[in-house]
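# Results of the structural survey
Take a look at the letters that make up each chain.
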Amino acid sequence: MSLPESRYLAQRLLTYEAVAGKNSETTESAAFRVCAKLRRPLITLAGVAGFRSLLSRALTLARAEAPGLSAVQIAADGSLQGLDEMEPQIGKDQAREGGAILIAQLIGLLLTFIGEGLTLSMVQTVWPEAAFDGRVFEKERKA
Amino acid sequence: MSAADKVRINKLPTGVPGLDEILGGGLPEFSFNIIAGAPGSGKTTLAHQILFANATPERPALYFTILGEPAIKMLRYQQQYTFFDQAKLNNAVRFINLSQVVLEKDLDAVLQEITKEVEKASPGIVVVDSFRTVVRKALGRTTEVELQSFIQRLALLLTSWQATTFLVGEYVEGEIRDNPVFTVSDGLLWLYQAPERNSIVRKLQIVKLRGQASVPGLHTFRITSAGLQAFSRTLGLAGQARKIPSTRRLSIGIPELDKMLGGGIPEGDSILVAGASGTGKSVLATQFIAEGIRQGDPGIVVVFEERPQEYAERAGSFGLDLKTPRNEKKLEILYLRPLDLSVDETMHEILDAVQKIGAKRLVIDSLAGFEMALAPGFRADFRESLYRMITALTGVGVTILSTVEVNESFTEFPFSTYSISFLTDDIIRLRYVCIDGQLRKIMVVIKMRGGNHSKDIREYEITSKGVVIVGDRLTDYQGLITGIPVRLNRSGNNEKQLT
């Protein structure tokens, strides 16, 4: 089970990208877009192999909660494959939930390894226009 | 060429306490350096410390990681240090992984990738960790000339872009001769760690540094939650102006002894009080420090065998109030019993205390305790370091009284078992003597470098007022310093003393 904090942050990123997706011509899911955006700084930091390792672990953990993710694969360059093809097979809601769990697991791993400060700093770099700071977790902690 | 015509090399702070002084003021700006050492010696931590000390959003620091410690793990561990400023990450400090380029491509591609990032960010600091991996990978498929050309082009690029560079690598000393990277580099910082009995001794050496004079030799360092802290062999006192010798005489707090010393201890002298256990060395030292406080000289007492509270209370039993000056920060009692500290680290603690309160008098009670408090591996350096500290402190006018325990012998009269008499300007010897069926105490001033002194052998007692000299010089005995004197029969016959 992913941490409430990582779920909360994942949900906020997905919501942000869902809105951004509606305004663009792309058809990828919000989860795919979040993952693709996180991929860039993480490859810069950890290399392709490092990013693939993290995402593989996140996918394995997410599959335990969302078996529908079994069709999702990670390409050699660290990009996700099969995430958007999932929807016709398992339904829109389950596909969205599976994507959210995968992103939450990936963020959860970052929180575990490099901590809240550096994770949020990275998120802030990727989504500079969004207001993500330490306070994003405050509400969840209090809850 | 006048000094004004010469190019001025700016010096960057390392962020490592003590290291700037060892480097001769800091890191030369735009230099191309190597941080070398075995695994676990602190290379990455040192590189990070330098990085965070200098990186700004305008002149960021680029940290290229290559097939060494995974970057995620490195961040996980390094953020535990207090110097790691998370706010600088991605802004002033940027980590870039080059593992794939190194693995899949050639040296030209590595250089191209570094060039791209450097031109994009215009960094002030560049770190490549581990550079040795780049070289190792390249060696399999490039000639030595190609490798040298790559290193030279890299150095040229980074210097031209006004970056101060650090190549981090796990090198062994034998590699210095044949490795082109050492030839090209401007600076070479080597970190060592070695077990010595039950302690770990960490040392660093500035093997090479172009353009400025660093402090030669091996310097101990420690890694704590604040990162590295270095302790210069010169104890941070190199180049410190020596005070013009004073003509002032300091009272030791025992009027008769002051007279024996020709009016007191010359200010800025190092005086040794040697004697067997129980002869009153510590009491005499306490009187010296208390008299200083009374005359307005702040003081430091370094003790090894009792806690500061106990020391102050014992002084109270001799009517010497050390509690008030302690509260008023005119006196500091340092209890040093670390057992695993290096001698230079311990000396630094004393020097910090001296500087903090502007001490004029320092008591080291005792030298034997001092030596015992050090990690076994550092005891060999004890006399050398003590000599440096005493020379430096007395040079700036601090008067030092050290006590040393000597084995009481009834056939010899040794000044000190530690052969440290050369450290001292003045020596007072206390000893037991058998007189009239009693074990009594005598003192004599053995040596005073600053001038004449009394040759008298005087009896003293330890009373509720401390050490008190009783009576005039002992003229009725011969062989007092043997401890078994013979009473002189004024009629001409000597009479063996019965004890």
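Residues numbered from 1 in each chain as written. Chains lettered and ligands numbered in written order. Predicted model: local features only at pLDDT ≥ 70, side-chain atom pairs only at ≥ 80, totals over all residues.

With that settled, the discussion passes to the nonpolar core. Ranked by size, the top nonpolar core spans 109 residues in total, and within it A:Ala31, A:Ile103, A:Leu106, B:Leu51 and B:Val127 carry the most contacts. In contact with A:Ile103, other than residues within four places in its own chain, are A:Ala10, A:Leu13, A:Leu14, A:Ala31, A:Val34 and A:Cys35. (Core = buried A, V, L, I, M, F, W, Y, C linked by C-beta atoms within 7 Å. Buried ≥ 20, exposed ≤ 12 C-beta atoms within 10 Å, placed from the backbone. Contact = placed C-beta atoms within 7 Å.)

All right, on to the environment of B:Ala155 then. Residues and elements named next belong to chain B. Relative to the helices and strands, Ala-155 is located in helix α7 (residues 144-160). Owing to 18 C-beta atoms within 10 Å, Ala-155 belongs among the partly exposed residues under this scheme. Along the sequence, Ala-155 and Ile-206 sit 51 residues apart, while their C-alpha atoms lie 20 Å from each other. (Helix = DSSP H or I, 4+ residues; strand = E, 2+ residues; numbered from the N terminus.)

Attention now goes to the packing of helix α13 (residues 343-357) of chain B against helix α15 (residues 382-395) of chain B. Residues and elements named next belong to chain B. Interhelical geometry of α13 versus α15 gives an angle of 20° and a closest axis separation of 10 Å. In terms of orientation, α13 lies roughly parallel with respect to α15. Note that α13 runs across α15; the crossing there is right-handed. On α15, the residues that touch Val-343, Asp-344, Met-347, Ile-350 and Val-354 of α13 are Phe-382, Ser-385, Met-389 and Leu-393. For the contact of α13 with α15, the residue count by class is seven nonpolar, one polar and one charged. (Axes fitted to C-alpha atoms, helices over the stretch in contact; angles between N-to-C directions. Parallel < 35°, antiparallel > 145°, perpendicular 65-115°, else oblique. Left-handed = near helix turned anticlockwise from the far one by under 90°. Nonpolar A, V, L, I, M, F, W, Y, C, P; charged D, E, K, R; others polar.)

Here the focus is the sheet that holds strand β15 (residues 299-303) of chain B. All names here are of chain B. Reading across from one edge, β16-β15-β17-β18-β14-β19-β20-β21-β22 is the order of the nine strands in this open sheet, with mixed pairing throughout. The sheet is open, and its two borders are formed by β16 (331-335) and β22 (466-470), each paired with just one other strand. The sheet shows a mean angle of 25° between the axes of neighbouring strands, taken without regard to direction. Bridge analysis of strand β19 (residues 426-435) against strand β20 (residues 438-448) gives 10 bridges, and the strand direction is antiparallel. Bridged to Cys-434 within β20 is Leu-439. Helix α11 (residues 308-316) rests against β15 and β16 of the sheet, and its axis sits at about 130° to β16. Contacts from α15 reach β14 (270-275), β17 (361-365) and β18 (399-405), with the element oriented near 150° to β18. (Pairing = 2+ DSSP bridges.)

Once that is clear, we can look at the sheet that holds strand β5 (residues 93-97) of chain B. Residues and elements named next belong to chain B. As summarised here, the arrangement of the nine strands in space is β5-β4-β6-β7-β3-β8-β9-β10-β11, forming an open sheet in which the pairing is mixed. Edge positions in the sheet fall to β5 and β11 (227-231), since each has one partner strand and no second. Ignoring which end each strand starts from, the neighbouring axes of this sheet average 25° apart. Pairing geometry for strand β6 (residues 125-129) and strand β7 (residues 164-169), over five bridges, is parallel. In the sheet register, Val-126 faces β7, and the bridge partner there is Thr-165.

For the rest of this paragraph, the subject is the pairing of strand β9 (residues 199-209) of chain B. Residues and elements named next belong to chain B. Pairing of strand β8 (residues 187-196) with β9 involves 10 bridges; the strand directions are antiparallel. Pairing of Leu-188 across the sheet is with Lys-208, part of β9. If you look at the hairpin formed by β8 and β9, you'll find two residues sitting between the two strands, and Arg-197 has a positive phi there, around 55°.

Time to look at the interface of chain A and chain B. The partner chain B presents 14 residues to the 15 residues of chain A that form the contact. Elements supplying a minimum of two residues to the side of chain A that touches chain B: α2 (30-65) and α4 (92-126) of chain A. Of the residues in the side of chain A that touches chain B, the class split is eight nonpolar, seven polar and no charged.

Bringing α11(B) into the picture now. Residues and elements named next belong to chain B. Of all the residues in α11, the buried ones are Tyr-311, Ala-312 and Ala-315. Buried residues of α11 fall within an arc of 95° about the axis and therefore sit on the same side. Turned more than 90 degrees away from the buried face of α11, the exposed residues are Gln-309 and Gly-316. (Arc of directions from axis to C-beta.)

Along the chain, B:Gly397 falls in the loop between α15 and β18. The spacing of B:Gly397 and B:Pro266 is 131 residues in sequence and 9.9 Å in space, taken between C-alpha atoms.

Further remarks concern the confidence of the model for chain B. Taken as a whole, chain B shows an average pLDDT of 87; of its residues, 91% reach a score of 70 or greater. Both scores are available for the predicted complex, with the pTM at 0.74 and the ipTM at 0.73. (pLDDT = per-residue confidence, 0-100.)

A common way to state how big an interface is: give the accessible area lost once the parts meet. Residues and elements named next belong to chain B. Taken domain by domain, chain B consists of domain 1 (3-231) and domain 2 (249-488). Summarising the inter-unit geometry, the C-alpha centres of domain 1 and domain 2 are found 47 Å apart. Contact residues are listed per partner, giving seven residues for domain 1 and eight residues for domain 2. Elements with a minimum of two residues in the side of domain 1 that touches domain 2: β9 and β10 (218-224). Across the side of domain 1 that touches domain 2, the residue classes tally to two nonpolar, two polar and three charged. (Domains from an automatic or database assignment.)

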